[in-house]
Every structure is written in C-alpha cells, then in structure tokens.
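Now for the letters of each chain:
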Amino acid sequence: MPRFRRSDARDNRERLLDAARAVFAAAGLTAPMREIARHAGVGPATLYRHFPTKEQLFAEAFAERLHACYAVVEDGLADANAGRGLRRVIERLGELYARDRGTTAAFVSAFPGALDFTADRERALKSLAELVRRAREAGQVRPETTLDDVVLVLRAAGGIQAATPAARLAAVRRFTTIALNGLRAAAPPDED
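Heads up: these notes are all about the structure in this document. (Residues numbered from 1 in each chain as written. Predicted model: local features only at pLDDT ≥ 70, side-chain atom pairs only at ≥ 80, totals over all residues. Heavy atoms only, no water.)

All told, the structure shown has one aromatic pair when counted by the stated rule. Ring plane angle 65 degrees and centroid distance 5.8 Å describe the contact between F24 and F58, whose orientation is recorded as edge-to-face. Of the two residues, F24 sits in helix 1 (residues 7-27) while F58 sits in helix 4 (residues 54-78), which places them 34 residues apart along the sequence. For the residue pair F24 and F58, the accessibility class agrees, reading buried in each case. (Phe/Tyr/Trp six-rings, centres within 6.5 Å; stacked < 30°, edge-to-face > 60°. Helix = DSSP H or I, 4+ residues; strand = E, 2+ residues; numbered from the N terminus. Buried < 20%, exposed > 50% of the residue type's maximum accessible area, 1.4 Å probe, protein only.)

Have a look at this one:
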C-alpha cells in the first residue's frame, strides 16, 4: 500500500525545502542544518526526520536547479557557433551561480553521489568538453584551452563574494567578461 503523508508533514517538508534553497543560496553548502530548521520554523528533529543527511536535503532542494544548469550546457552545445555557445554557457552559469551559491557548489560537485546527479554531471561535462574542443578547433579560443580551464572559471565565478546579491551579480558579470577575454584566441598578427 502506498504511504500517505499527513498534510502537516507535507507542509513541513515543503517549508524545509524552501528554507534549504534560501539558506544554501545565501550561505552555500556550509550552512548548518539547524539554521535551515530555524528558517523553516521547525525543530531539528523534524528536519532530520524528513532529511537524515545534508546530502539528501540538498539533492531534493536543488534537483530542478541542477537540471537547469545542464540545460544551459546543452543549449551551448547546440549553438552552431561554438565560441558563442561557450561564451553563453559561461555567462549564463556565472549568473546562475551569482544568484544562488548552493547551485554553484552542486554543479562543481559538492555532493557528487547525490541521487543521479553524477550521471547528469558527467553528461554535462562531456558536452562542455565537446564545446571547448569545437571552439578550439574553430580558432575561437586559445589553442591550449581545456575543459579544466572552463571549470576553473566557473568555480572562481561561484566563489565571488560581495555585500549584496546585486553586487555579487555585477562582480560575476565583470569577472566572466575578463575570463572570456582571456580565453579568446589572439587575433592573427597583421602582415605587412
């Protein structure tokens, strides 16, 4: 027989997921579980009854957001212009990360074994590596550019600190512009 949850238990679960998203977005994955329970207006026992580990809470709270990150990478790969596709991936993921520090940690593997994120993440990284390869072969990025370089840019963007969310977004946009300029292939020298 299927197990049905009482309405108050369902409400608590939803409040916990909303609180986890808010707290992780603001503080990242280092936020204590007690803070999430407090933010949701429940006791720690209620939190642990629904989510015995931080990994389980995180996995449920961020499944939709992680799939959005993977979709960004797939959209970039689908662009016929690999350089433009790569630029858009870095810009869009940077903005997602600026708005939500928890998503940053997820995408760059804070909990690599959570649910089925590992398979999705591997697929996204394979797509991103293909996009980098295509951009390199088209001469749109430096010949030495690798997937690791792009992941480093994304990690750095996700780690930018600022006093307000708006300031963090502005700083991430500035940083990704600088990083993209650094990845761009040098123009061929003028021939005289």
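Before going further, it helps to examine the pattern of salt bridges. In the structure shown here, the tally under the stated rule is nine salt bridges. A salt bridge links R92 to D75, with the nearest nitrogen and oxygen atoms 3.6 Å apart. Taken together, the residues R92 in helix 5 (residues 82-99) and D75 in helix 4 connect sequence positions 17 residues apart. Linked through salt bridges whose partners overlap, the residues forming this network are D79, R84 and R88. (Salt bridge = Lys/Arg side-chain N within 4 Å of Asp/Glu carboxyl O.)

What follows concerns helix 5. Taking 1.5 Å per residue, 18 residues should reach 26 Å; helix 5 reaches 26 Å between its end C-alpha atoms and fits that length. Of the residues making up helix 5, those classed as buried are A82, G83, G85, L86, V89, I90, L93, G94, Y97 and A98. Regarding helix 5, its N-cap is N81, as a side-chain oxygen of that residue lies 3.1 Å from the backbone nitrogen of G83 further along. (Expected span 1.5 Å × (residues − 1). Polar contact = N/O pair within 3.5 Å; in protein donor to acceptor, adjacent residues only side chain to side chain.)

We now examine the layout of surface pockets. Vacant regions in the atomic arrangement are exposed by a probe of water-molecule size rolled over the atoms. Approximately 160 Å³ is the volume found for the second largest pocket. Lining the second largest pocket, in full, are G83, R84, L86, R87, I90, Q140, V141, L180, L183 and R184. Those elements giving two or more residues to the lining of the second largest pocket turn out to be helix 5 and helix 9 (165-183). Among the elements that take part in the lining of the second largest pocket, helix 5 stands out by supplying five residues, more than any other. Along the lines of polarity and charge, the residues of the lining of the second largest pocket split into five nonpolar, two polar and three charged. (1 Å grid on protein atoms, 1.4 Å probe; cavity = no way out; pocket = protein on both sides within 12 Å on 5 of 7 lines; lining within 4 Å. Points joined across faces, edges and corners; volume = space filled by probe spheres on them. Nonpolar A, V, L, I, M, F, W, Y, C, P; charged D, E, K, R; others polar.)

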